[in-house]
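Descriptive structure summary
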Amino acid sequence: MNYVKWILIVLVIAVIAAFFHYSLPQRDIVRIVGTDVVRMNDGVDANGVVQTRDVRFIYAKLANGGEMEYRNEDTGWGFPWYFKFDTANLANKAEDGRSTEGDARWFVIRHYGWRIPWWGEGVFPNALSMRPAEGPDESLIPWFNIIFLISLVITLLVVRRILIILRERHVNPVVEAIDEEFDETVGWWRRKWRSLTGGR
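The sections below set out a description of the structure shown in this document. (Residues numbered from 1 in each chain as written. Predicted model: local features only at pLDDT ≥ 70, side-chain atom pairs only at ≥ 80, totals over all residues. Heavy atoms only, no water.)

1. Re the pairing of strand S1 (residues 26-44)
Quick note on the threshold: Pairing between two strands is assigned when DSSP locates at least 2 bridges connecting them. We count a stretch as a helix when DSSP gives it H or I for four or more residues in a row; a strand needs E for two or more, and each element gets its number in order from the N terminus.
Sheet topology note: the S1/strand S4 (residues 106-112) ladder contains 6 bridges and is antiparallel. What sits directly across from Ile29, in S4, is Val108. As defined by bridge partners, S1 adjoins strand S2 (residues 50-62) across 13 bridges and the pair is classed as antiparallel. Bridge assignment links Gly43 to a residue of S2, and that residue is Gln51. Counting the residues that bridge the hairpin from S1 to S2 gives 5 residues, and of these Gly48 lies at a positive phi of roughly 85 degrees.

2. As for the nonpolar core
Put simply, the rule reads: Only buried residues count toward a nonpolar core, which is a set of Ala, Val, Leu, Ile, Met, Phe, Trp, Tyr and Cys residues joined through side-chain atoms within 4.5 Å. The rule is simple: take the accessible area with a 1.4 Å probe, protein chains only, and divide by the maximum for that residue type; under 20% is buried, over 50% is exposed, in between is partly exposed. For this analysis, residues touch if any pair of their heavy atoms sits within 4.5 Å.
In this structure, Val30, Ile32, Ile58, Ala60, Met68, Tyr70, Leu90, Ala94, Phe107, Ile109, Ala127 and Met130 together form the largest nonpolar core, which totals 12 residues. Counting residues per element, the ones that place at least two in this core are S1, S2, strand S3 (67-72), helix H2 (87-96), S4 and strand S5 (126-132). The residues touching Val30, leaving out its near neighbours within four places in the chain, are Ala60, Lys61, Leu62, Tyr70, Arg105, Trp106, Phe107 and Ile109.

3. Notes on the pattern of salt bridges
Here is the rule: Salt bridges are defined by distance alone: a side-chain nitrogen of Lys or Arg within 4 Å of a carboxyl oxygen of Asp or Glu.
The tally for this structure, following the rule as stated, stands at 7 salt bridges. Note that Arg39 and Asp54 form a salt bridge whose closest N and O atoms lie 2.9 Å from each other. Of the two residues, Arg39 is situated in strand S1 and Asp54 in strand S2; the sequence distance between them amounts to 15 residues. According to the relative accessible area criterion, Arg39 is exposed, its value standing at 57%. Between Glu69 and Arg115 there is a salt bridge, with the nearest N and O atoms lying 2.7 Å from each other.

4. A closer look at the environment of Asp42
Its location among the elements puts Asp42 in strand S1. When its relative accessible area of 43% is taken as the criterion, Asp42 is described as partly exposed. Between the C-alpha atoms of Asp42 and Thr52, which are 10 residues apart in sequence, the distance is 5.2 Å. Once you skip the residues sitting within four places of it in the chain, Asp42 turns out to touch Gln51, Thr52 and Arg53.

5. Some details on the packing of aromatic side chains
Formally: For this analysis, a ring pair means two rings from Phe, Tyr or Trp (six-membered ring only for Trp) whose centres lie within 6.5 Å, classed as stacked if their planes differ by under 30 degrees, edge-to-face if by over 60, and tilted for the remaining angles.
The final tally for this structure, using the stated rule, is 12 aromatic pairs. Measuring from ring centre to ring centre gives 6.0 Å for Tyr22 and Tyr112, while their planes differ by 80 degrees; the resulting arrangement is edge-to-face. One end of the pair, Tyr22, is in helix H1 (residues 2-23); the other, Tyr112, is in strand S4, and 90 residues separate them in sequence. Plain terms: the ring middles of Trp77 and Phe83 are 5.6 Å apart, the flat faces sit at 65 degrees to each other, and that makes the pair edge-to-face. Taken together, the ring pairs in this structure connect Phe19, Phe20, Phe79, Trp81, Phe144 and Phe148 into an aromatic cluster.

6. Considering a negative patch on the surface
Rules: Residues enter a patch when their relative accessible area is above 30% and they make no salt bridge; the linking distance is 9 Å between like charges and 5 Å between nonpolar side chains (Val, Leu, Ile, Met, Phe, Trp, Tyr). Where accessible areas are quoted, they stem from the Shrake-Rupley method and a 1.4 Å probe; at the residue level, only the protein chains shown are allowed to cover. Under the convention used here, Asp and Glu are negative, Lys and Arg are positive, and both His and the chain ends fall outside the count. Just so you know, the charge point we use is NZ for Lys, CZ for Arg, CG for Asp and CD for Glu.
Residues Glu176, Asp179, Glu180, Glu181 and Glu184 make up a contiguous surface patch of negative charge. Mapped onto the fold, Glu176 is located in helix H3 (residues 143-197).

7. Points about the side chain of Ser99
The following threshold applies: Residues adjacent in sequence count toward polar contacts only when both atoms are side-chain atoms; beyond that, a polar contact is any pair of N or O atoms within 3.5 Å, and within protein one must be able to donate a hydrogen and the other to accept it.
Positionally, Ser99 belongs in the loop between H2 and S4. Residue Ser99 is classed as buried on the basis of its relative accessible area, which comes to 12%. Within the local environment of Ser99, its side chain forms a polar contact with the backbone nitrogen of Arg105, the two atoms lying 3.0 Å apart.

8. Looking at a nonpolar patch on the surface
Together, Ile141, Trp143, Ile146, Ile147, Ile150, Ile154, Val158, Val159, Ile162, Leu163 and Leu166 make up an exposed nonpolar region whose accessible area comes to about 1000 Å². For Ile162, the location among the structural elements is in helix H3.

9. Points about the environment of Ala127
Secondary-structure assignment places Ala127 in strand S5. You can call Ala127 buried: its relative accessible area is 0%. With 69 residues separating them along the chain, Ala127 and Ile58 place their C-alpha atoms 8.2 Å apart. Ignoring anything within four residues of it in the chain, the contact list for Ala127 reads Ile58, Tyr70, Arg71, Asn72, Lys84, Leu90, Ile109, Arg110 and His111.

In structure tokens form, the structure reads like this:
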């Protein structure tokens, strides 16, 4: 039974970690090699009509020579709440930032999401912003993620402490009063029974 408990705990932790890894911003240092607009299939609606949408893409090379592709879509007011409404501006910056290997220009692209090439038409991280990098070896410290996660832990600890205090001050006295009343009621019925049965 302990194995099942620990497996469930590990699964819950893994799901939470995956959620934050997908949703929180990440940054890559890349050289932009191209941009494109691709028509993506969104499936079929209730009337059998194929739904499509045009998605902007940014193609890049990582400092280690690997390849990376980003979609460039507005997040709007939806989750995750990055409130990105400047897809066209980012596409313009990316197109202007193209460079060759011999005359490389490096940029820091801030994004969220995962790159899963084998999933359907592919899953691509969504580029949120970009800025010139100091170079391919620039050190990127995820300050936002660090501060966010520390704040989240502190908030959870504070909420936990508040719930403990509320339980001790309001819930426990009620439970204890109910227990006492129950014990008194049971005791009264026991005394009544004994008086009716002659103490048996």
